[in-house]
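The chain contents come next:
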Amino acid sequence: MQQPPAPKQWQPPVTFLEDMASLATALDTIITKENALAQDNKLADIAGMAGEKTQLAVDYDRHVRALKADPSRLHAAPEKVRANLKTAITSLESKLADNERYLGAAKSVSEGIVKAAARAASEARAPTIGYVPKSTAKIRPMAAAATIALDKRV
């Protein structure tokens, strides 16, 4: 089992926030590429970016947690550094919302295709009915049986 990477040592507020902004920007770039691939229906190409994306997301998450634990870092930094961080985070959140929609739609389409294929396979395997061996009528698969409870008061 791999050991988790050691957390970064304490950094001055400016360096910490600049590092966090650069992580947000790097994640933004990867998510933008993913969104473009999803729009072009090249979902298989997204998997190649998973390792880098995961590492960036873990590092970014550490920064977010550290900032929540010690908000004084944010307040101690100059306005320009805070503004750059806010811009980077806002852009990342926007791209993540788009990413969620694109990948959710792709998942929905994939699931629909799998269900349609399963339904077609089920219908193709359904036994024939009738007196003739080559009958074209098929028995439709039955829905799951529902249990009915009888109430004496009804």
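Because the structure is a prediction, the values reported are computed rather than measured.

What counts as what
- Residues numbered from 1 in each chain as written.
- Predicted model: local features only at pLDDT ≥ 70, side-chain atom pairs only at ≥ 80, totals over all residues.
- Heavy atoms only, no water.
- Helix = DSSP H or I, 4+ residues; strand = E, 2+ residues; numbered from the N terminus.
- Buried < 20%, exposed > 50% of the residue type's maximum accessible area, 1.4 Å probe, protein only.
- Contact = heavy atoms within 4.5 Å.
- Salt bridge = Lys/Arg side-chain N within 4 Å of Asp/Glu carboxyl O.
- Phe/Tyr/Trp six-rings, centres within 6.5 Å; stacked < 30°, edge-to-face > 60°.
- Lys NZ or Arg CZ within 6 Å of the ring centre and 35° of its normal.

## Things to note about unusual backbone geometry
For step 1, the next point in the chain: The backbone of Asn41 shows a phi angle near 60°, a positive value even though the residue is not glycine.
For step 2, the next point in the chain: Relative to the helices and strands, Asn41 resides in the loop between helix H1 (13–39) and helix H2 (50–69).
For step 3, the next point in the chain: Here Asn41 falls in the exposed class, since its relative accessible area comes to 62%.

## A few points about the side chain of Asp28
For step 1, the next point in the chain: Tracing the chain through its elements places Asp28 in helix H1.
For step 2, the next point in the chain: According to the relative accessible area criterion, Asp28 is buried, its value standing at 9%.
For step 3, the next point in the chain: Sequence-distant contacts of Asp28, defined by excluding residues within four places in its chain, comprise Ser91, Leu92 and Lys95.

## Let's talk about the pattern of salt bridges
For step 1, the next point in the chain: Throughout the structure, instances matching the rule amount to seven salt bridges.
For step 2, the next point in the chain: For Lys95, the salt bridge is made with Asp28, and the minimal N-O distance between the two is 3.1 Å. Taken together, the positions of Lys95 in helix H4 (residues 79–125) and Asp28 in helix H1 put the pair 67 residues apart, joining distant regions of the chain.
For step 3, the next point in the chain: A salt bridge links Glu79 to Arg82; the nearest nitrogen and oxygen atoms lie 2.6 Å apart. Taken together, the residues Glu79 and Arg82, both in helix H4 and three residues apart, mark about one turn of the helix.

## Re the packing of aromatic side chains
For step 1, the next point in the chain: One pass over the full model with this rule turns up zero aromatic pairs.
For step 2, the next point in the chain: The side chain of Arg73 reaches across the aromatic face of Phe16, ending 4.1 Å from its centre.

Keep in mind that these numbers describe shape and distance, not what the molecule does.
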